[in-house]
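# Structural overview for review
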Amino acid sequence: MTIEVLTLFPDMFSGFSESSMVARAIRKKALKLRMTDIRDFSIGKNRQVDDYPYGGFAGMVMKPEPIYDAVASVLTRGSAPVIYFTPQGRKLDQNIIKTYSEHKRIILLCGHYKEIDQRIRNMVVTDEISIGDYVLSGGELAAMVFIDSVSRLQKGVLSDLESAQSDSFYEDKLGFPCWTRPDVFMGSEVPSVLRNGNHKLINQFNEDSSKQLTKARRPDLIKE
Ligand code: ADE
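Scope of this entry: the structure provided in the associated data block. All figures in this text were calculated on a predicted structure; none of them were measured in a lab. (Residues numbered from 1 in each chain as written. Predicted model: local features only at pLDDT ≥ 70, side-chain atom pairs only at ≥ 80, totals over all residues. Heavy atoms only, no water.)

Looking now at the overall build of the protein chain. Counting secondary structure elements, the protein chain contains seven helices and 10 strands. By the compact-globule yardstick of 17 Å for 224 residues, the protein chain is too spread out, its C-alpha radius of gyration being 22 Å. Projected onto its principal axes, the C-alpha coordinates of the protein chain cover approximately 70 × 40 × 40 Å. Every one of the 224 residues in the protein chain was classed for burial, and the buried ones make up 42%. (Helix = DSSP H or I, 4+ residues; strand = E, 2+ residues; numbered from the N terminus. Rg over C-alpha atoms; globule rule 2.2 N^0.38 Å. Buried < 20%, exposed > 50% of the residue type's maximum accessible area, 1.4 Å probe, protein only.)

Pasting the structure below:
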């Protein structure tokens, strides 16, 4: 899978792409991450990428030309959906991640400042995604959230032991609580059923814990 990221702040992605699961996905050639600096497509000698908004409200708006040209240049390498991150978008969840994880190419557009010019959203963006009901300074952190969760679903990235099947939201349930050694920590003990080696009982226990937690915290996930 190739993810093309269009941003004014490519440096924000350096540590992120060199660490943990995303670095592993890149190393295993399950993921290719390509950065495009929108400023490289700016116009005029002062490399302007934003301007004052019509209507006179506070904040700056990203100009359409540099974004349009940046997207066009990336599209010459192959067609792909163009996802724009905005609090006005569809709320991201594991089903959306799963659908996009099956694409060969995706373009992620990160806005910054107040917004991007609406014409870009009308003309080139194919999907708008929000990572939650709060406002970030730009789409970069949202893009990293998206890339992290999509890359761990690429074939060969997670080992069998790490399998996504015990993750939260797999089959519409929250994940179950996890425990490791020591058996007793500050007087608190790991449930004995998990230590008796009976895998049928262990699976049942984890399944029940997962259901209880989902019922208590996220009843909205439970389907009739
Ligand atoms: N850009 C600013 N806030 C955002 C959010 N909550 N989700 C996605 N992109 C954003």
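So, about the pattern of salt bridges. What the rule picks out here adds up to 18 salt bridges. Across the pair E4 and R34 runs a salt bridge, and its minimum N-O distance is 3.9 Å. With E4 in strand 1 (residues 2–7) and R34 in strand 2 (residues 32–37), this pair connects stretches of sequence that are 30 residues apart. Judged by its relative accessible area of 31%, R34 is partly exposed. For the salt bridge of D172 with K223, the shortest nitrogen-to-oxygen distance reads 2.5 Å. (Salt bridge = Lys/Arg side-chain N within 4 Å of Asp/Glu carboxyl O.)

Let us now look at the site of the ligand. Taken together, F85, T86, P87, I129, S130, I131, G132, Y134, V135, L136, G138 and A142 form the complete shell of residues around the ligand. T86 places a polar main-chain atom, nitrogen or oxygen, 3.2 Å from a nitrogen atom of the ligand. Separating a nitrogen atom of the ligand from a backbone N or O atom of Y134 is a distance of 2.7 Å. For the shell around the ligand, the secondary structure elements donating two or more residues are strand 5 (82–91) and strand 8 (127–130). Top element by residues in the shell around the ligand is strand 5. It accounts for three residues. By residue class, the composition of the shell around the ligand is eight nonpolar, four polar and no charged. (Near = heavy atom within 4 Å. Polar contact = N/O pair within 3.5 Å; in protein donor to acceptor, adjacent residues only side chain to side chain. Nonpolar A, V, L, I, M, F, W, Y, C, P; charged D, E, K, R; others polar.)

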